[in-house]
Amino acid sequence: DAKTTQPPSMDCAEGRAANLPCNHSTISGNEYVYWYRQIHSQGPQYIIHGLKNNETNEMASLIITEDRKSSTLILPHATLRDTAVYYCIVRGWGSQGNLIFGKGTKLSVKP
Amino acid sequence: GAVVSQHPSRVICKSGTSVKIECRSLDFQATTMFWYRQFPKKSLMLMATSNEGSKATYEQGVEKDKFLINHASLTLSTLTVTSAHPEDSSFYICSASTGTSGRALTDTQYFGPGTRLTVL
């Protein structure tokens, strides 16, 4: 499966949009991009996933570049409760469809 | 929807004892459930895949005789840590997958809240 690269940490002001980047330059055509987050001492929470089209749900928006080599997760109005580690995962059959968690991005939302 | 529970949330046991952790999908049926382990300041590592009515598939390096997995129904999987030792102390997290097969790339995994195991 394609590996992902995320910045180790980011800060965001409360109420502003948080834009979390993810590079996946070796992604193949049938691999999906999944985003999860993990708040301290809790299980990961599913956020969103996509293949090539941009996606939006009640939690976030996922913007995937046309060449699919990178994506951005957007939290439109970050709150303090959005402070968490955010994982960008490329999911494919190379790993039997399993989720392979990397180190993610630690997002700190500050008042 | 898509709620997964785990029990217990926290357990402390003596070295050499066995501990059972339950994972339940509360509002959906899960053909496939997964067990992960997370050490402090580390990311989640997949331990095994649990399929209802069949034997679990373990990842390389995970001892199947030490970490017993049973997936007896479409809503319950259990992980038993046998003869636990201090090095087994960790955060154990399960997930359950939606979809008829549970393994399609669009079958979303929903995670439980985790179980903190401390072996003294």
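Summary of the structure given here.

Conventions used here
- Residues numbered from 1 in each chain as written.
- Chains lettered and ligands numbered in written order.
- Predicted model: local features only at pLDDT ≥ 70, side-chain atom pairs only at ≥ 80, totals over all residues.
- Heavy atoms only, no water.
- Helix = DSSP H or I, 4+ residues; strand = E, 2+ residues; numbered from the N terminus.
- Buried < 20%, exposed > 50% of the residue type's maximum accessible area, 1.4 Å probe, protein only.
- Areas by Shrake-Rupley, 256 points an atom, 1.4 Å probe, with all protein chains shown as cover.

### Examining the overall build of chain B
So, step 1. Along the backbone of chain B there are 0 helices and 11 strands.
So, step 2. Taken over the C-alpha atoms alone, chain B extends approximately 40 × 25 × 25 Å along its principal axes.
So, step 3. The burial tally for chain B puts 51% of its 120 residues in the buried class.
So, step 4. Just so you have it, chain B exposes about 5800 Å², and 52% of that area is on carbon and sulfur atoms.

### Some points on unusual backbone geometry
So, step 1. Note the cis peptide between B:His7 and B:Pro8, where omega equals 0°.
So, step 2. Phi at A:Ser41 takes a positive value of approximately 65°, unusual for a residue other than glycine.
So, step 3. Under the relative-accessibility criterion, A:Ser41 is labelled partly exposed at 40%.
So, step 4. Despite not being glycine, B:Lys41 has its phi angle at roughly 65°, a positive value.

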